Amino acid sequence: MPAATPTYVGFWSRFLAFLIDSLVASLFLYPLSLLYDPALATNMDPTQTKEIIDELLTKMGLEMLLIGLIFIAFWIYFGSSPGKMLFKGYIVDARTLGSASRKQLLLRYLGYYVSLLSFGLGFFWIGLDRRKQGWHDKLANTLVVNQQTRDAFRVESTSDSP
């Protein structure tokens, strides 16, 4: 553990980062939405309700998969998301403060659904937790720290190398 005390990114910064990330994700998803029949919503024939629901569920599943791939790719390659980068926040392993593993990042993304399906309580937990961890962070054993914390740990871990 580095000598420097970690500085965690708090609830409001992470909430604003999430809004920015949602906007970025929607820019990626918009072209996908053009692949579906735009008349779907306006030509709702009551006899085709099951087909319409099936098509919408398929679209939602594809969008959730694509959003997951986008978020996880940003986390893997940048250690952050576009919104978090604006607030100089980075996702790290909670134990070592080093880079989070791919397994942790996948678990963290899946944990978003746990946090969300509990009426968002898992996200609000960030504001209550001493280390500013949401349930998704706790599940994946990750933290969101500021850039100075991440950089301080990188310098110290490099200087500890033989």
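Everything that follows concerns the structure shown earlier in this document.
Residues numbered from 1 in each chain as written. Predicted model: local features only at pLDDT ≥ 70, side-chain atom pairs only at ≥ 80, totals over all residues. Heavy atoms only, no water.

**Some points on the overall build of the chain**
Summing up its helical and strand segments, the chain has seven helices and two strands in all. For the chain, the sequential pattern of α-helices and β-strands runs α-α-α-β-α-α-α-β-α. Looking at the chain as a whole, 36% of its 162 residues qualify as buried. The contacts in the chain between residues at least 6 apart in sequence include a share of 70% that link residues at least 24 apart. (Helix = DSSP H or I, 4+ residues; strand = E, 2+ residues; numbered from the N terminus. Buried < 20%, exposed > 50% of the residue type's maximum accessible area, 1.4 Å probe, protein only. Contact = heavy atoms within 4.5 Å.)

**A short note on the packing of aromatic side chains**
What characterises a pair of aromatic rings is the spacing of the ring centres plus the angle enclosed by the ring planes. The full count for this structure, using the stated rule, is 14 aromatic pairs. Here Trp75 and Tyr112 contribute two aromatic rings whose centre-to-centre distance is 5.7 Å and whose plane-to-plane angle is 75°, an arrangement assigned as edge-to-face. Here Trp75, found in helix H2 (residues 49-78), pairs with Tyr112, found in helix H4 (residues 102-117); they are 37 residues apart in sequence, far enough to count as distant. Across this residue pair, the class does not change: Trp75 and Tyr112 are buried. Look at Trp125 and Trp135: their rings are 6.1 Å apart centre to centre, the planes differ by 50°, and that puts the pair in the tilted class. Within this pair, whereas Trp125 is found in helix H5 (residues 121-128), its partner Trp135 is found in helix H6 (residues 135-140), the two being separated by 10 residues in sequence. For Trp125, a relative accessible area of 31% corresponds to the partly exposed category. An aromatic cluster of three or more residues is present, and its members are Phe18, Phe71, Trp75, Tyr109, Tyr112, Tyr113 and Phe123. The ring centre of Tyr90 lies 3.7 Å from the NZ or CZ of Arg150, which sits over that ring. (Phe/Tyr/Trp six-rings, centres within 6.5 Å; stacked < 30°, edge-to-face > 60°. Lys NZ or Arg CZ within 6 Å of the ring centre and 35° of its normal.)

**Description of the pairing of strand S2 (residues 142-146)**
The element S2 is extensively covered by neighbouring structure, given that five of its five residues are classed as buried. Because side chains alternate across S2, one face comprises the buried residues Thr142, Val144 and Asn146, and the other comprises Leu143 and Val145, equally buried. Pairing geometry for strand S1 (residues 89-93) and S2, over five bridges, is antiparallel. Bridged to Gly89 within S2 is Asn146. (Pairing = 2+ DSSP bridges.)

**Observations concerning the pattern of salt bridges**
Overall, the coordinates contain five salt bridges when judged by the stated rule. Between Asp137 and Arg108 there is a salt bridge; the shortest N-O distance is 3.0 Å. With a gap of 29 residues between them, Asp137 in helix H6 and Arg108 in helix H4 connect regions that are remote in the sequence. Residue Arg108 is classed as buried on the basis of its relative accessible area, which comes to 0%. Between Asp129 and Lys138 there is a salt bridge; the shortest N-O distance is 2.9 Å. Overlapping salt bridges, with partners in common, bring together Arg14, Arg108 and Asp137 in one network. (Salt bridge = Lys/Arg side-chain N within 4 Å of Asp/Glu carboxyl O.)

**Looking at H2**
If you check H2, its first and last C-alpha atoms are 43 Å apart, about what 30 residues at 1.5 Å a residue would give, namely 44 Å. Of the residues making up H2, those classed as buried are Ile52, Glu63, Gly68, Ile70, Phe71, Ile72, Phe74 and Trp75. Tucked into the core, H2 has its buried residues touching helix H1 (11-33), helix H3 (82-86), S1 and H4. Directly after H2, the chain includes Gly79, whose backbone phi takes a positive value near 70°. (Expected span 1.5 Å × (residues − 1).)

**What about the nonpolar core?**
With 11 residues, the main nonpolar core is built from Val9, Ala25, Phe71, Ile72, Trp75, Ile91, Ala100, Leu105, Tyr109, Tyr112 and Val144. Of all the secondary-structure elements, those providing two or more residues to this core are H2 and H4. Once you skip the residues sitting within four places of it in the chain, Ile72 turns out to touch Leu105, Leu106 and Tyr109. By size, the runner-up hydrophobic cluster in this structure holds six residues, among which are Val92, Leu97, Leu143 and Val145. (Core = buried A, V, L, I, M, F, W, Y, C linked by side-chain atoms within 4.5 Å.)

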